[in-house]
Amino acid sequence: GPRARATSGWESLTPSELEVARFVAGGASNREAAERLFISRRTVETHLKHVYTKLRLTSRVQLAAAAATRGNT
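What counts as what
- Residues numbered from 1 in each chain as written.
- Predicted model: local features only at pLDDT ≥ 70, side-chain atom pairs only at ≥ 80, totals over all residues.
- Heavy atoms only, no water.
- Helix = DSSP H or I, 4+ residues; strand = E, 2+ residues; numbered from the N terminus.
- Rg over C-alpha atoms; globule rule 2.2 N^0.38 Å.
- Contact = heavy atoms within 4.5 Å.
- Phe/Tyr/Trp six-rings, centres within 6.5 Å; stacked < 30°, edge-to-face > 60°.
- Lys NZ or Arg CZ within 6 Å of the ring centre and 35° of its normal.
- Core = buried A, V, L, I, M, F, W, Y, C linked by side-chain atoms within 4.5 Å.
- Buried < 20%, exposed > 50% of the residue type's maximum accessible area, 1.4 Å probe, protein only.
- Expected span 1.5 Å × (residues − 1).
- Arc of directions from axis to C-beta.
- Salt bridge = Lys/Arg side-chain N within 4 Å of Asp/Glu carboxyl O.

**Some details on the overall build of the protein chain**
Broken down by element type, the protein chain carries four helices and zero strands. In sequence order, the protein chain lays out its α and β elements as α-α-α-α. For a compact globule of 73 residues, the expected C-alpha radius of gyration is about 11 Å, and the protein chain comes in at 12 Å, within 12% of that figure. Taking the principal axes of the C-alpha coordinates as reference, the protein chain spans close to 35 × 25 × 20 Å. Taking the contacts inside the protein chain whose residues are at least 6 apart along the sequence as the reference set, 52% of them involve residues at least 24 apart.

This is how it looks when you write it as C-alpha cells:
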C-alpha cells in the first residue's frame, strides 16, 4: 500500500520541500533557489509555505535556526 508520511516535522517534508528549505536556510533568496533548482519563484514560495506549516515556523530566520539545529545547512 501507499507509504504514510508524517504530517509535521522534518520527516513530513517532500524531497522538493526539503531541497527548497535547505537552500533558503542557507541564505538563498526565493529567486536564487528557483534558479538553482530550475523551478519558478512561485513554486519556491509554495514549497516554503508548506515547509513553514509543517515545521510550525513563520520566518526564514526560524527556518535557518531550525535547520542549523538539525544540521541541514
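Structure's up, so let's keep going.
**Considering the packing of aromatic side chains**
All chains considered together, the criterion is met by zero aromatic pairs. Against the face of Phe-23 rests Arg-22, its NZ or CZ located 5.0 Å from the ring centre.

**Comments concerning the nonpolar core**
Generally speaking, soluble globular proteins have nonpolar side chains that are buried together. Ranked by size, the top nonpolar core spans 19 residues in total, and within it Trp-10, Val-20, Val-44, Leu-48, Val-51, Leu-55 and Leu-63 carry the most contacts. Mapped by element, the contributors of at least two residues to this core are α1 (15–25), α2 (30–37), α3 (41–55) and α4 (60–70). With near-sequence residues (within four places) excluded, Leu-48 lies in contact with Val-20, Val-24, Asn-30, Arg-60 and Leu-63.

**What about the environment of Arg-5?**
Structurally, Arg-5 can be placed in the segment before α1. As for Arg-5 and Glu-45, which are separated by 40 residues in sequence, their C-alpha atoms are 22 Å apart. Sequence-distant contacts of Arg-5, that is, excluding residues within four places in its chain, are made with Glu-11, Ser-12, Leu-13, Thr-14 and Pro-15.

**Observations concerning α3**
Its 15 residues give α3 an end-to-end C-alpha distance of 21 Å, which sits within 8% of 21 Å, the value for a rise of 1.5 Å per residue. If you check which residues of α3 are buried, you get Val-44, His-47, Leu-48, Val-51, Tyr-52, Lys-54 and Leu-55. Seen along its axis, α3 keeps its buried residues to an arc of 165°; they face one direction. Away from its buried face, by an angle of more than 90 degrees, α3 presents the exposed residues Arg-42, Lys-49 and Thr-53. The secondary structure elements touched by the buried residues of α3 are α1, α2 and α4. At the C-terminal side of α3, Arg-56 shows a positive phi close to 55°.

**Examining the pattern of salt bridges**
The tally for this structure, following the rule as stated, stands at four salt bridges. Where Arg-70 meets Glu-11, a salt bridge forms, and the shortest distance between an N and an O atom there is 4.0 Å. Note that Arg-70 is positioned in helix α4 and Glu-11 in the segment before α1, a separation of 59 residues in sequence. Note on Arg-70: relative accessible area 42%, which makes it partly exposed. Here Arg-42 ties to Glu-45 by a salt bridge, and the two come within 3.8 Å at their closest N and O atoms. Residue Arg-42 and its partner Glu-45 are located together in helix α3, separated by three residues, close to a single helical turn. In this structure Arg-42 comes out as exposed when scored by relative accessible area, which is 62%. Here Glu-45 falls in the partly exposed class, since its relative accessible area comes to 38%.

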